[in-house]
Amino acid sequence: MLFRQLFDSASSTYTYLLADRKTGDAVLIDPVREHMDSYLRLLDELELKLVMAVDTHVHADHITALGLLRETTGCVTYMGQQAQADCVSARFSDGEKLRFGSYELEAIYTPGHTDDSYSFYLDDNGQHYVFTGDTLLIRGTGRTDFQNGDAHQQYHSLFERLLSLPGDTAVFPAHDYKGWTTSSIAEERLHNPRLQVASEAEYVQLMHALKLPNPRLMDVAVPANRACGMPAASL
């Protein structure tokens, strides 16, 4: 499998390009609109065909490239069934497999950061990957105080869904603010400070005490992303 981790410095967002080297079929996870030209150039350089673009959830800190990618490449665009985004080509639900070439992304419903948050699990011949969106970060977890976030739900998403994956599963989040690029499920179990809680109540109390400012672009990004980053007339 071909794998690239791409970065938007303005929002500290990671975008992931995955592709089947044999067929050339590719997928982009959490693409950022401002990087459209670089995505298209990279796809061309690597001789790949973008067949699918997906968002883990409706983002609040950048504008998605889903709409532009579908318009430009003809790819299928996906978001979870809970997302308030009628612009996508199709929706996925918990446990559904999204196929590109000979590979599959398994959608795992992991609400809590938002009510439409998903993660994606991939097994490449025994090498495990999970793309966790804003649910599980490296040494952190996504905030739960807007877009129908819920710390109770996030606790269950973390401890019952993501932390039940094999310990050697490589963790790739949608953001990192410290320059870290990857971790593993086992590493986060041991060293993520937000996961060192004794109960759901303790986790909820921890999250409610954060009192974080809203993302700078939230009022612009959320409605734009519900339109796949495109003006309504273009959809």
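Structure first, text after, so check above.
Residues numbered from 1 in each chain as written. Predicted model: local features only at pLDDT ≥ 70, side-chain atom pairs only at ≥ 80, totals over all residues. Heavy atoms only, no water.

## Some remarks on the environment of Val-204
By the element assignment, Val-204 lies in helix α5 (residues 200-208). Taking the relative accessible area as the measure of exposure, Val-204 reaches 7% and is therefore buried. Taking the C-alpha atoms as reference, Val-204 lies 7.7 Å from Tyr-155; in sequence the two are 49 residues apart. Look past the residues within four positions of Val-204 in its chain and what remains in contact with it is Ala-151 and His-152. (Helix = DSSP H or I, 4+ residues; strand = E, 2+ residues; numbered from the N terminus. Buried < 20%, exposed > 50% of the residue type's maximum accessible area, 1.4 Å probe, protein only. Contact = heavy atoms within 4.5 Å.)

## Points about unusual backbone geometry
Across the chain, the bulk of peptide bonds are trans and the bulk of non-glycine residues have phi less than zero. In the Ramachandran plot, Ser-12 falls in the positive-phi region, its phi being about 55° despite a non-glycine side chain. Note that Ser-12 resides in the loop between β1 (2-8) and β2 (13-19).

## Focus: the pairing of strand β3 (residues 25-29)
With five of five residues buried, β3 is to be regarded as a mostly interior element. Going residue by residue along β3, you find Asp-25, Val-27 and Ile-29 tucked away on one face and Ala-26 and Leu-28 tucked away on the opposite face as well. What sits between β2 and β3 in their antiparallel hairpin is a turn of five residues, with Gly-24 showing a positive phi close to 80°. Direction of pairing for β3 relative to strand β4 (residues 49-54): parallel, over a ladder of five bridges. Bridge pairing in β4 places Val-27 opposite Met-52. The parallel pair β3 and β4, bridged by helix α1 (residues 36-45), forms a crossover whose chirality is right-handed. (Pairing = 2+ DSSP bridges. Right-handed = clockwise from strand over helix to strand, strands pointing away.)

## Here's the deal with the nonpolar core
Counting residues in hydrophobic clusters, the biggest one holds 28 residues, and the most contacted among them are Leu-17, Ala-26, Leu-48, Leu-50, Leu-69 and Met-79. Elements with a contribution of two residues or more to this core: β2, β3, α1, β4, α2 (66-73) and α6 (218-225). With sequence-adjacent residues up to four places away left out, Leu-69 is seen in contact with Leu-28, Pro-31, Met-36, Leu-50, Ala-53, Gly-74 and Cys-75. Core analysis: the next-biggest nonpolar cluster, separate from the first, contains 22 residues, Met-1, Leu-18, Phe-100 and Ala-107 among them. (Core = buried A, V, L, I, M, F, W, Y, C linked by side-chain atoms within 4.5 Å.)

## Considering the sheet that holds β3
Strands sit in the order β1-β2-β3-β4-β5-β6 across an open sheet of six strands; the sheet is mixed. Whereas interior strands pair on both sides, the edge strands pair on one side only; in this sheet they are β1 and β6 (90-92). Across the sheet, the axes of successive neighbouring strands diverge by a mean angle of 25°, strand direction being ignored. Pairing of β4 with strand β5 (residues 76-80), which is carried by three bridges, proceeds in the parallel orientation. Opposite Met-52, over in β5, you have Val-76 as the bridge partner. The sheet contacts of α2 involve β3, β4 and β5, and relative to β4 the element is tilted by about 155°. (Axes fitted to C-alpha atoms, helices over the stretch in contact; angles between N-to-C directions.)

## What about the sheet that holds strand β10 (residues 127-133)?
Strand order in this open sheet of six strands is β7-β8-β9-β10-β13-β14, and the pairing throughout is mixed. Both edges of this open sheet fall to β7 (97-100) and β14 (183-184), since each of them pairs with a single strand only. Summarising the sheet, strand β8 (residues 103-109) and strand β9 (residues 118-124) pair through four bridges and their orientation is antiparallel. If you follow Ile-108 over to β9, its bridge partner there is Ser-119.

Just geometry here; none of it tells us what the structure is for.
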